[in-house]
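What the coordinates show
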Amino acid sequence: MFQYHCLNPIAEKGLGLFNEEYKKSEDLQECDAVLVRSAKMHDMELPESVKVIARAGAGVNNIPVKDCAEKGVVVFNTPGANANGVKELVLAGMLLASRDIVGGIEWVAKEKDQEDIDKLAEKQKKQFAGCEIMGKKLGIIGLGAIGAMVANAASALGMEVYGYDPYISIDAAWNLSRTIKHIKSLDEIYSQCDYITIHVPLLDSTKEMINKEALDKMKDGVVLLNFARDLLVDEDALIEALDSGKVKKYVTDFANHTVAGHKGILVTPHLGASTEESEENCAVMAVKEVRDFLENGNIKNSVNFPNCDMGTCVAVGRIAICHKNIPNMISQFTKILGAEGLNIADMTNKSKGEYAYTLIDLESTASKEALDELKAIEGVSRVRVVK
Ligand SMILES: NC(=O)C1=CN([C@@H]2O[C@H](COP(=O)(O)OP(=O)(O)OC[C@H]3O[C@@H](n4cnc5c(N)ncnc54)[C@H](O)[C@@H]3O)[C@@H](O)[C@H]2O)C=CC1
Ligand SMILES: O=C(O)C(=O)COP(=O)(O)O
């Protein structure tokens, strides 16, 4: 029996995929798995029982990913599962920034009791007029799951799309329309584009990448969209650029005291992934990842451990070992198992950066002593009997 805890509401369509071997628990103690959306986990004490965290979404900046790797806790996310939800909101953001749709709607609500509201509306509408997005230049920073979808959709709407992503994946590149211009320098995005949208993860290397220097290089009257994370933008510098007229509008999905209520800023309350479809896609993918990991030891879409797949175990036993990616680990594992007379039926070892993962199928059951010896090896963070 496995236990899981949800730190945020997770769509029932996903949770329904847990079978009778799983129990939802109201607290973390004794839990094997944690499911989370945006809850902040950095200051949370995780019990030793937690082996896996699944982020039903893309960004993992709310999770102490490296600390988890050190403790042998595998962290998953659900790549692409909410990308369409965000893409649609980005398109809405561009349209809201181009025409004063919000102002117009607010005006009608305010004047609703005017007897001649129809005539008044015709007279007043010019103050809410704007421009079209067709023919404008859109710069996209980060062409992952979301950026690539925004690029294709904007291109289909007649925008001239400039894409920048020095680390683009092969899959994302294949999915891009051939109309997208491959841009190799951010300066070109800044100097050319009427709209700029950012779709990169929040990392030390991307924090405040949109700063005063970047803003100074942008075209006068640029529209900036941020549906990725607020800390990617130096929002004090942004407000200065907005107040001086350099930036026409800032559209952000992240409410905070710097941006909320400021003239020229459209703020949505982190709604990018809040659609029925995205919530369900993320929950389904997260639960499948957790189940395959807990039941078979397999890893797919982890952000701190490598992919590793040995299918379902057909041997007598399977053990999973989380460890550091350093020399001499496998020989120590096989030595301990060999000394016990345990024959290895199958084995996979994979690494990702500093960390590695080994799955070993055995033709007989490993003793507690052998498991304790494996755990005691320097650099091993967790040994788990999967079967
Ligand atoms: N507003 C919302 O509700 C949502 C926000 N997000 C945010 O959007 C971010 C992106 O999401 P996805 O597209 O699904 O992730 P992804 O991992 O598919 O794409 C990120 C892309 O950014 C690129 N990249 C990384 N550093 C870069 C740099 N310095 N310059 C240019 N490109 C760089 C990567 O190569 C990758 O292609 C997430 O990390 C999250 O913070 C994601 C989903 C929902
Ligand atoms: O997936 C992401 O990175 C998001 O920002 C979505 O967050 P949420 O699941 O809506 O709390």
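See the structure shown above.
Presented here is a report on the structure given in the accompanying data block. These figures come from a predicted structure and were not determined experimentally.

This paragraph deals with the packing of helix H12 (residues 329–339) against helix H13 (residues 368–376). One can describe the packing of H12 onto H13 by two numbers: an axis separation of 10 Å at closest approach and a directional angle of 165°. Considering the angle they form, H12 stands roughly antiparallel to H13. As H12 runs across H13, the sense of the crossing is right-handed. For the pair formed by H12 and H13, the contact residues are Phe-333, Ile-336 and Leu-337 on the first element and Ala-370, Glu-373 and Leu-374 on the second. When its residues are assigned to classes, the contact of H12 with H13 shows five nonpolar, no polar and one charged.

A few words on the side chain of Asn-298. Locating Asn-298 in the fold gives a position in the loop between helix H11 (276–296) and strand E13 (317–324). Side-chain polar atoms of Asn-298 contact the side chain of Asp-309, separated by 3.2 Å. Engagement of the side chain of Asn-298 in a polar contact is seen with the backbone oxygen of Gly-311, the distance being 3.2 Å. Those residues within four positions of Asn-298 in sequence are excluded, and the remaining contacts are Phe-76, Asp-292, Phe-293, Cys-308, Asp-309, Met-310, Gly-311, Arg-318 and Leu-359.

With that settled, consider the nonpolar core. Nonpolar side chains tend to gather and get buried jointly when the protein is soluble and globular. Tyr-4, Phe-18, Leu-35, Phe-293, Leu-294, Phe-305 and Tyr-357 are the most contacted members of the largest nonpolar core, which totals 34 residues. Those elements that place two or more of their residues in this core are strand E1 (2–6), strand E3 (33–36), strand E4 (52–55), strand E5 (74–76), H11, E13 and strand E15 (355–362). It is H11 that provides the largest number of residues to this core, a total of seven residues.

Together, Glu-208, Asp-236, Glu-240 and Asp-243 give the surface a local cluster of negative charge. Along the chain, the position of Glu-208 falls in the loop between strand E9 (195–198) and helix H9 (212–217).

Moving on: the site of ligand 1. Among the 26 residues in the neighbourhood of ligand 1, the closest are listed as Ala-145, Ile-146, Asp-165, Phe-227 and Asp-253. Here an oxygen atom of ligand 1 and a backbone polar atom of Tyr-167 are 3.3 Å apart. Between ligand 1 and Asp-253, the relevant distance is 2.9 Å, taken from a nitrogen atom to a side-chain nitrogen or oxygen of the residue. Across the shell around ligand 1, the residue classes tally to 15 nonpolar, eight polar and three charged.

Parameters and conventions
Residues numbered from 1 in each chain as written. Chains lettered and ligands numbered in written order. Predicted model: local features only at pLDDT ≥ 70, side-chain atom pairs only at ≥ 80, totals over all residues. Heavy atoms only, no water. Axes fitted to C-alpha atoms, helices over the stretch in contact; angles between N-to-C directions. Helix = DSSP H or I, 4+ residues; strand = E, 2+ residues; numbered from the N terminus. Parallel < 35°, antiparallel > 145°, perpendicular 65-115°, else oblique. Left-handed = near helix turned anticlockwise from the far one by under 90°. Contact = heavy atoms within 4.5 Å. Nonpolar A, V, L, I, M, F, W, Y, C, P; charged D, E, K, R; others polar. Polar contact = N/O pair within 3.5 Å; in protein donor to acceptor, adjacent residues only side chain to side chain. Core = buried A, V, L, I, M, F, W, Y, C linked by side-chain atoms within 4.5 Å. Buried < 20%, exposed > 50% of the residue type's maximum accessible area, 1.4 Å probe, protein only. Patch = residues over 30% accessible without salt bridge, like charges linked within 9 Å, V, L, I, M, F, W, Y side chains within 5 Å. Areas by Shrake-Rupley, 256 points an atom, 1.4 Å probe, with all protein chains shown as cover. Salt bridge = Lys/Arg side-chain N within 4 Å of Asp/Glu carboxyl O. Lys, Arg positive; Asp, Glu negative; His and termini not counted. Charge placed at Lys NZ, Arg CZ, Asp CG, Glu CD. Near = heavy atom within 4 Å.

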